[in-house]
Amino acid sequence: MRTTVGIIGAGPAGLMLARLLHRAGVDSVVLEGRDRRYVEQRQRAGILEQGTADALRAAGAGARMDREGIVHHGIELRFDRRGHRIDFPGITGGRSVMVYAQTEMVKDLIALQLDEGGPLLFEARAVAIEGVADGNPAVRFVHAGREQTLHCEIIVGCDGFHGIARDANPAAERRSYERQYPYSWLGVLADVPPSCEELIYAHSPRGFALHSMRSHQVSRLYLQVPNGTDPADWPDERIWDELDTRFAVDSDWRLERGPVTAKSVTPMRSWVTEPMRYGSLFLAGDAAHIVPPTGAEGLNLAVADVVVLAEALADRHATGAQERLDAYSRTCLRRVWQAQHFSSFMTTALHTDPGDTPFDARVRLARLHRIADSTAASAELAENYTGLPIG
Ligand code: RFL
Ligand code: PHB
């Protein structure tokens, strides 16, 4: 098999890249190791920054999002038994975010790719990447029990945190930066209308809790739990009781309960690999960087990477110019580190740390009060949360 751009992975990064390249007249093949159903059902992000929503529209992939997504103009920070609303448009010059699940965005992009785009192969697992340093790139992959080779001019590793692409860059050429947090998130999906109109990020002495949503009928909730937590130790009633305690406020607000339909534990990690290019191999999305989900940044970073990359590849296709491709890693990493900064700030500001002294706990509360009380401090949060410019 032969194509111009070989894309490994059909998550948000790989699918959006394929879509953008198709629109620019550059051909590609997408190899996805899992089956279609698995990729479409995997529960992950729920918040699209304004730039991500705009990019989907510009790619002709925003119609269902605009029909079914819910625009949010703010979030609530809840601590010390009180809620504090951060108004986004008022302090960012009109920016907002969109509640539209990653599962739905992925379904839309898969349908468009199969309908209009180049080949997208499911259950096609990349097993080796070759020739990226000597200008003869190829991906070896296993599909339908048979090993095959995809020859291309450029390979893009959109294969997530557990993929193989970044290891094709020799260890001597790359640096990685990491921070592990001493807690994880227990996430649940529940068939109950959200008990709030906007997301609630709650800090309590018992830990962090987040109330998000997938639609007007389905709630998505998260609890800070110790690393190594087994979801089986959290029967539904224990989850609702703990959420009740962490969201408790001195008003008549109450959390509605409903049937829990999914439960999983996710560790919190910050991680970056540099550079995001090695020869003809480019990395995008979680293959190159992971943020803890408290800042709702991961999917948005993945989309920002491929918007920059697709423009550079379209430029190369149209004029032969390489400058933007050469600048790819530098351009993306600037934004990636801003997102790392914001995500680790949100994470440490809102979670309790088992190593905290009573002094640390009071300083954390002071930090949260500062955000609630100061327009400058809340503007800093709002600008980052609604998304820094792409490119
Ligand atoms: P993905 O989505 O992991 O996709 C990678 C794809 O590559 C495939 N693959 C392979 N295919 C072929 N051959 C191989 N050898 C392969 N190895 C892997 C995989 O099967 C998969 O289909 O990476 P991508 O595209 O970079 O997208 C990144 C996002 O998925 C991720 O950053 C977000 O989900 C993070 N995230 C959030 N991001 C936000 O912007 N806003 C949020 O509100 C938000 N909430 C979250 C999140 C992530 C979470 N978890 C579970 C980590 C909430 C949670 C709980
Ligand atoms: C989600 O809805 O899954 C979600 C929302 C906001 C976050 C993280 C996850 O910060």
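From a predicted model like this one, the values you see are computed outputs, not experimental measurements.

Student: Could you clarify how one ought to interpret unusual backbone geometry in this entry?
Tutor: As a rule of thumb, non-glycine residues mostly have phi less than zero, and peptide bonds are mostly trans rather than cis. Here the bond from Glu-274 into Pro-275 is cis, since omega is -10°, no more than 30 degrees from zero. Looking at where Pro-275 falls in the secondary structure, it is placed in the loop between β17 (260-274) and β18 (277-278). The backbone of Arg-81 sits at a positive phi, close to 65°, despite the residue not being glycine. The topology assignment puts Arg-81 in the loop between β5 (74-79) and β6 (82-87).

Student: Whenever I open this one, the site of ligand 2 confuses me. Can you help?
Tutor: What surrounds ligand 2 is a group of 14 residues, the closest being Tyr-201, Ser-212, Arg-214, Tyr-222 and Pro-293. A distance of 2.7 Å is found between an oxygen atom of ligand 2 and a side-chain nitrogen or oxygen belonging to Tyr-201. Taking Arg-214, its side chain carries an N or O atom lying 2.8 Å from an oxygen atom of ligand 2. For the shell around ligand 2, the secondary structure elements donating two or more residues are β15 (207-213) and β16 (219-225). Considered class by class, the residues forming the shell around ligand 2 number 8 nonpolar, 3 polar and 3 charged.

Student: I keep staring at the side chain of Arg-335 and nothing clicks. Help me out?
Tutor: For Arg-335, the position within the fold is in helix α9 (residues 323-350). In contact with Arg-335, not counting residues within four places along its chain, are Glu-49, Asn-300, Leu-301, Ala-304, Gly-387, Leu-388, Pro-389 and Ile-390.

Student: Just checking my understanding: could you explain helix α7 (residues 236-247) for this structure?
Tutor: Because each turn of an α-helix spans 3.6 residues, side chains separated by three or four positions end up pointing in the same direction. Under the 1.5 Å per step criterion, the end-to-end length of α7 is 16 Å for 12 residues, consistent within 8% with the ideal 16 Å. Within the sequence span of α7, burial applies to Ile-239, Trp-240, Glu-242, Leu-243, Arg-246 and Phe-247. Buried residues of α7, viewed axially, fall in a sector of 165°; they line one side. Against β5, β13 (175-190), β14 (200-204), β15, β16 and β17 lie the buried residues of α7.

Student: Mind showing me how you'd approach the site of ligand 1 here?
Tutor: Taken together, 34 residues lie around ligand 1, and Glu-32, Arg-42, Gln-102, Asp-286 and Leu-299 are the ones closest in. Relative to its unbound accessible surface of 1,000 Å², ligand 1 loses 88% to contact with the protein. Going through the elements one at a time, α1 (12-23), β9 (124-130) and α8 (298-319) are the ones with two or more residues in the shell around ligand 1. A per-element tally of the shell around ligand 1 places α8 first, with 4 residues.

Student: Help me understand the nonpolar core in this model?
Tutor: Core analysis: the biggest nonpolar cluster contains 72 residues, and Met-16, Leu-17 and Val-156 have the highest contact counts within it. When residues no more than four places from it in sequence are discounted, the contact partners of Met-16 are Ala-55, Leu-56, Ala-59, Leu-109, Val-303 and Val-306. Ile-70, Ile-200, Met-213 and Leu-350 belong to the second-largest nonpolar core, a separate cluster that totals 48 residues.

Student: When you look at the domain arrangement of the protein in this model, what are you seeing that I'm missing?
Tutor: Interface size is often expressed as the accessible area that is lost when the parts come together. Its domain assignment divides the protein into domain 1 (5-72 + 99-177 + 269-346) and domain 2 (181-268 + 354-386). Each of domain 1 and domain 2 has a C-alpha centre, and the two are 29 Å apart. Contact residues are listed per partner, giving 24 residues for domain 1 and 22 residues for domain 2. In total, domain 1 and domain 2 occlude about 1,900 Å² of area from one another, counting both sides; carbon and sulfur atoms represent 65% of this. For domain 1, the biggest contributors to the area lost against domain 2 are Gln-43, His-72 and Phe-345; these three give 25% of the whole. Run the count over domain 1 and domain 2 and you get 0 salt bridges.

Student: Looking at this structure, I do not really get the pattern of salt bridges. What am I missing?
Tutor: Note on pairing: side chains with opposite charge can pair once their charged atoms come close. Evaluated as defined, the whole model comprises 29 salt bridges. The partner of Asp-250 in a salt bridge is Arg-81, with the nearest N and O atoms 2.7 Å apart. Separated by 169 residues along the polypeptide, Asp-250 in the loop between α7 and β17 and Arg-81 in the loop between β5 and β6 bring together distant segments of the chain. Here Asp-87 ties to Arg-85 by a salt bridge, and the two come within 3.3 Å at their closest N and O atoms. You can call Arg-85 partly exposed: its relative accessible area is 47%. It is possible to trace a salt-bridge network through shared partners that takes in Arg-64, Glu-68, Glu-104, Lys-107 and Asp-108.

Cut-offs and rules
Residues numbered from 1 in each chain as written. Chains lettered and ligands numbered in written order. Predicted model: local features only at pLDDT ≥ 70, side-chain atom pairs only at ≥ 80, totals over all residues. Heavy atoms only, no water. Helix = DSSP H or I, 4+ residues; strand = E, 2+ residues; numbered from the N terminus. Near = heavy atom within 4 Å. Polar contact = N/O pair within 3.5 Å; in protein donor to acceptor, adjacent residues only side chain to side chain. Nonpolar A, V, L, I, M, F, W, Y, C, P; charged D, E, K, R; others polar. Contact = heavy atoms within 4.5 Å. Expected span 1.5 Å × (residues − 1). Buried < 20%, exposed > 50% of the residue type's maximum accessible area, 1.4 Å probe, protein only. Arc of directions from axis to C-beta. Areas by Shrake-Rupley, 256 points an atom, 1.4 Å probe, with all protein chains shown as cover. Core = buried A, V, L, I, M, F, W, Y, C linked by side-chain atoms within 4.5 Å. Domains from an automatic or database assignment. Buried area = accessible area lost by both parts, 1.4 Å probe. Salt bridge = Lys/Arg side-chain N within 4 Å of Asp/Glu carboxyl O.

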